[in-house]
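Listed here are the chains, written in short residue letters.
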Amino acid sequence: RTVSMRLGYRAAVCVSEEEKNEEGDTEGDGGTNLDYREREGKYPGDARVSLLYAGSEERKSDDEDDEDDNMNSKQSKSRPPVALVHNLSKEYVLHSLKTSPLVQRYKLDNNNKNATTKNVRLISLAHNPETQIAAYLISNATTQTTPEKNKGKDAALLSREAREYMKKSLTSAFVGYEQAVRKGFIDGYGVCSNGLSLPEGHDMAMSWRDVLECAVDAFVEVKGGDIRPQEKQENHDQQYQRSSLKVIRLPGNVLETRGLDVSKEICSFFGSCHEDDDNSNEPSSPPSEEGLHSITDDPDDYHAKQRRKLRKSRNILPKSIQVHVTRPLTAYPFGGTGIESNSSPGLSDNSGLSAPPLYFKKNNSEVDDNGTNKDGGGSSIDATHPIRILDYRIESGPLGREPTMAWTNHHYASHGLRPSSYQPILNAVLSHFDAESILEASRTRELTVEERETLDGCKLLRDMIHDLDASLDDMRSFAAHEEYLMNVAVPLIYGSFEGLDEESAGMLQLFFRAHGMAVRMVVARWTRELLLGGWKRRVGVDEKGRADTGDREKDDGAAGDDAVTKDKDQEKKIAKIWKAYGFGDYRGGYDIPEDFTLQDFALRQILEEEAVRGVVVGCSSPEHALEAMRAADASGVDNGNKKK
């Protein structure tokens, strides 16, 4: 069993140099000044990501002599801003591990002979090293405040320098981790990075070879140059004969397949996908020949030199690396950066302070079925509204019967795209707000002010409900839908009526409930079509492509070549959408059985990848955890040789 923890981000108080000098650094490495330790700039390499709290101005009491007022005045003194800071220095890593309650508990249990955590490994992960690339790019970009030496640098040179800066920071973190392993704080370390799944030309992309190179450099620094082959190091503890790098964690799913390709490259490099232990029954393949001299190699090429270095360092590197996949059910356009390859990451001067590129840039645009942008509104897919590879639970069943909860894919197979109750509820709500009685009165007399306001409000509500219904088939993100309701629909209702009677409020609640289920249906179906990419299964055909008549034995023959077909026009349309969202080359889609939920299918696909040793699934409820475990059981990965 493995327990992992991530290091890199922290909240830090922003103080000026003058304030730092006034208070002084009283902590040092072993001090107890907890307040000062969390101040921005405490550790080398602090890079500001964002401002969490803007701070408050000092407010003094009018009556300084009054004791209560003086107390209130003290409580109202100005508070400094608080920033989200990223750091990968060895100083920060060692400090974080030394003061971590998890590490302290781990050490305590390891020293306890009767502890139940003997078989638990504690792994610490350097979180998003690519943030240091952004920090360098922003602090060195050509601006009015940029030092003269940096002006005029081309983008390629600046990008190379930024990557070297990132590698230096990551090496420093790995040095801290290697020292922590020696001290017994952790069993090993790794990297958790979104940049590892970005295409090579992207400003924020990281290479897994850079991770290995940093691990080699850190090991050499900690060992003091003693990197003799293992069999010659007889006087040394065997635990430290190789790098303690254990895990590389990166995003990957059935849409963002770049991460799965990277996991295969890592597996190929080591010649083994299984964990580095003596009990594994999985056969090992020979390590790749990567790094051998080739007559086509440019001896001065950076990548060729790096490959040769890694090949010569195989006795330092671990025998294998575990690759874990994160966010298997969430697909972000362009990896969540909001920018395409070879484009500027949104560099901007932030009053001389380092800040990241626009990781979560909202484009406010949607891609239509032809792969072109259009206004998104509540249907946008972007870095803040990613694609969720999910089917949802909704109320289902024929009209006139008590509804039951069913998955959206099962409801679609039985009742179609709309919830059975949606159209009747829509009609009832529109009828309720038709203000027919007021319109009748207007034909015989002049309306009162209150009646005119009610009539205008009803018209506005009916228009809003019509718009929501008309845009239903364009919905792509349930999160975007909820955001639209909170920012547009709800304020519109409150702004139109001073108050609603109980019946009207109940009717609106009923509509939004039914409309929310309809949105879930549309979003889940669109996501499935995006994954199918043209694959179509005839009604009454099971997951093996056979006619499902209900009386056929499992081993009967196939139903025929037309059981599963492919729509070439639909495939071309889907390929354009994949490209527009930055998911890479379209690979032909997936033949997804209709009785599989999307999350079940997506998890099984990843779990069956030979190079993937673990899948990290976010579970916000016990039901989600059970779903993930069922998918793991169904994939057959826990067979004694391979555990995820």
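In this report, we go over the structure that sits alongside the text. Please read these numbers as outputs of a predicted model, since none were measured by experiment. Numbering of residues starts from 1 in every chain and runs along the sequence as written. Whole-chain, interface and lining totals are the exception, using all residues; otherwise, since this is a predicted model, local features are given only for residues with pLDDT of at least 70 and side-chain atom pairs are given and counted only at 80 or more. Only hydrogens and water are set aside when side-chain values are computed; all heavy atoms of the structure are taken into account.

Focus on the packing of helix α12 (residues 422-432) against helix α14 (residues 449-470)
(1) Moving on: Two elements in contact, α12 and α14, have axes separated by 10 Å at closest approach and are oriented at 160°. As summarised for this structure, α12 and α14 are arranged roughly antiparallel, according to the angle between their axes. Two packed elements cross with a definite hand, and for α12 against α14 that hand is left-handed. Contact residues: Tyr 422, Leu 426, Val 429, Leu 430 and Ser 431 in α12; Arg 462, Ile 465, His 466 and Asp 469 in α14.
(2) Moving on: Here the nonpolar group is Ala, Val, Leu, Ile, Met, Phe, Trp, Tyr, Cys and Pro; Asp, Glu, Lys and Arg are the charged ones; every other residue, Gly included, is treated as polar. Considered class by class, the residues forming the contact of α12 with α14 number five nonpolar, two polar and two charged. Axes here refer to lines fitted to C-alpha atoms; in helices the fit is confined to the stretch in contact. Angles between the N-to-C directions go from 0 to 180 degrees. Helix numbering and strand numbering both begin at the N terminus, where a helix is a DSSP run of H or I of at least 4 residues and a strand a DSSP run of E of at least 2. An angle below 35 degrees is read as roughly parallel, one above 145 as roughly antiparallel, one from 65 to 115 as roughly perpendicular, and any other as oblique. Here a crossing is taken to be left-handed if its near helix is turned anticlockwise relative to the far helix by less than a right angle, and right-handed if that turn runs clockwise. By definition, residues are in contact when any of their heavy atoms lie within 4.5 Å.

A short note on the pairing of strand β6 (residues 188-192)
(1) Moving on: By the criterion of burial, β6 is predominantly enclosed, with five of the five residues buried.
(2) Moving on: Burial classes: relative accessible area under 20% of the type maximum marks a residue as buried, over 50% as exposed, and values in between as partly exposed (1.4 Å probe, protein chains only). Burial along β6 is two-sided: Gly 188, Gly 190 and Cys 192 facing one way and Tyr 189 and Val 191 facing the other are all buried.
(3) Moving on: DSSP bridges decide pairing: two strands pair if at least two such bridges lie between them. Both strand β5 (residues 121-127) and β6 contribute to a ladder of five bridges, which runs parallel. Residue pairing across strands places Ile 123 opposite Gly 188, the latter belonging to β6.
(4) Moving on: As defined by bridge partners, β6 adjoins strand β7 (residues 245-251) across four bridges and the pair is classed as parallel. Note on β7: the bridge partner recorded for Gly 190 is Val 247.

Description of the environment of Ser 263
(1) Moving on: With respect to the element layout, Ser 263 can be found in helix α9 (residues 258-270).
(2) Moving on: A relative accessible area of 0% means that Ser 263 is categorised as buried.
(3) Moving on: Through-space distance from the C-alpha of Ser 263 to that of Val 325 is 8.7 Å; in sequence the pair is 62 residues apart.
(4) Moving on: Excluding residues that lie within four positions of it along the chain, Ser 263 makes contacts with Val 323, Ala 611 and Val 612.

A few points about the packing of aromatic side chains
(1) Moving on: Put simply, two rings from Phe, Tyr or Trp (the six-membered ring, in Trp's case) pair if the centres are within 6.5 Å, and we call them stacked under 30 degrees between planes, edge-to-face over 60, tilted for the rest. Going through the model one piece at a time under the given rule, you end up with twelve aromatic pairs.
(2) Moving on: Summarising the aromatic geometry, the rings of Tyr 136 and Tyr 165 are spaced 5.3 Å apart at their centres and angled 40° between planes, so their arrangement reads as tilted. Note that Tyr 136 is positioned in helix α6 (residues 131-140) and Tyr 165 in helix α7 (residues 155-183), a separation of 29 residues in sequence.
(3) Moving on: With a relative accessible area of 14%, Tyr 136 lands in the buried category.
(4) Moving on: An aromatic cluster is present here, built from Trp 578, Tyr 581, Phe 583 and Tyr 586 joined pairwise through their rings.
(5) Moving on: Criterion for a charge above a ring: Lys NZ or Arg CZ within 6 Å of the ring centre, and within 35 degrees of the ring normal. Geometry around Trp 407 places Arg 393 over its ring, the cationic atom sitting 5.3 Å from the centre.
(6) Moving on: When the ring centre of Tyr 412 is taken as origin, the NZ or CZ atom of Arg 525, which lies over that ring, is 3.8 Å away.

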